[in-house]
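A closer look at the structure
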Amino acid sequence: SIDHLKGKVVFITGASSGIGKHVALALSKYGVKMVLAARRRDCLEEIKFQCIANSGGKLTTNDVLVLQMDMLDINSHQKYFDTALSHFGQIDILLNNAGRSQRAFWESIHLSVDKELFELNVFSVINLTRVALNYFNSRGHGHVAVTSSLAGVFGIPYSGSYTGAKHAIHGYFNSLRIEKLHTNLKLAVTLLCPGPTYTEFLQHSFTASPGEQYGISASPTDSRLTGERCGYLCAVALANETKESWMGIFPVMIFS
Ligand code: NDP
């Protein structure tokens, strides 16, 4: 079912590791062209190499664009998008995947952390999405997606800011979908909601205090999705223009 994305262009943020990387690898097998965006250029170059090798000749070096990009540099979003657009001449799907969390007891979260997590997980996402929407409006059709989380649907302990941010994204994206239903813009809006997935994410979530303090292990557990499985499921949901896709079983045991 990913097959019909062949030749389309997908702009993936947070493509340098984890879920974003594995979405790129899954799409590459079907000859989907991609913009790989993140801050770590060396990781992106390596993933570009893997995507081309993975594609069995369907992708050449011009079909995968590495874009070193800090999502927090909101004033440059238009420039980044235009660079990608002038390279490919079209962008079909924007996948807002970059994101991070920080674990802490609810009452101990400093407001500066709330703001940081909202900057990355919400404001940078809606700003880049608005840039894409200007283009999709002129084109008459488009597809915007975000890697949200089960934390966008349920309350998750020790992740108050992150959960709040992912819930906010659901509000923004669900409003967008409804708003565009009866306009000239044919817009697909996808909320990808993985459960815990084994990526660098958990290491990045424990900057404030060790995870053990919250009874959470940063090591892989059987209940966690692999990055590869999650990336594949996200790619399938994108190809099907799924509105909301929940992945994995809510693993109560990692919080207990
Ligand atoms: P990773 O930490 O492996 O990936 C995070 C990605 O975001 C990296 O590519 C990183 O790239 C990028 N990123 C972070 N900050 C910035 C920034 N300021 N500018 C640009 N890129 C940035 O984690 P995951 O793959 O797990 O996370 C991807 C998405 O999946 C996130 O939105 C996360 O909330 C969501 N998710 C994760 C789950 C999990 O359990 N792992 C479960 C549910 C959802 P770089 O550092 O190179 O900039």
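Before reading further, recall that the structure is shown in the block above.
On to the site of the ligand. Around the ligand, 30 residues are found, and the nearest of them are Gly 14, Gly 18, Arg 39, Gly 99 and Phe 201. Those elements that place two or more of their residues in the shell around the ligand are helix H1 (18-28) and helix H6 (201-205). Of the residues forming the shell around the ligand, the biggest block, three residues, is contributed by H1.

This part is about the nonpolar core. Membership of the largest hydrophobic core comes to 64 residues, with the highest contact counts inside it found for Phe 11, Ile 12, Ala 24, Leu 27, Met 34 and Leu 36. The element that contributes the greatest number of residues to this core is helix H7 (residues 227-239), accounting for eight residues. Apart from residues no more than four positions distant in its own chain, Ala 24 is found in contact with Ile 12, Ala 15, Met 34, Leu 36, Ile 47 and Cys 51.

Moving on, we come to H7. Three- or four-residue spacings in an α-helix give side chains the same orientation, since the helix completes a turn every 3.6 residues. Between its first and last C-alpha, H7 extends 18 Å over 13 residues, near the 18 Å set by a 1.5 Å rise per residue. Along H7, ten of the 13 residues are buried, which leaves the element largely enclosed by surrounding structure. Phi turns positive, to about 50°, at Glu 241, one or two residues after H7.

Counted at 1.5 Å a residue, the expected span for helix H2 (residues 41-54) with its 14 residues is 20 Å, and the 20 Å between its end C-alpha atoms agrees. Looking only at H2, the buried set comprises Leu 44, Ile 47, Lys 48 and Cys 51. What you see down the axis of H2 is that its buried residues fit within an arc of 110°, all on one side. In H2, the exposed positions angled more than 90 degrees off the buried face are occupied by Asp 42, Phe 49 and Ala 53. On its buried face, H2 sits against H1, strand E2 (33-38) and strand E3 (64-68). At the exit of H2 stands Gly 56, carrying a positive phi of roughly 60°.

Basis of the calculations
- Residues numbered from 1 in each chain as written.
- Predicted model: local features only at pLDDT ≥ 70, side-chain atom pairs only at ≥ 80, totals over all residues.
- Near = placed C-beta within 6 Å.
- Helix = DSSP H or I, 4+ residues; strand = E, 2+ residues; numbered from the N terminus.
- Core = buried A, V, L, I, M, F, W, Y, C linked by C-beta atoms within 7 Å.
- Buried ≥ 20, exposed ≤ 12 C-beta atoms within 10 Å, placed from the backbone.
- Contact = placed C-beta atoms within 7 Å.
- Expected span 1.5 Å × (residues − 1).
- Arc of directions from axis to C-beta.

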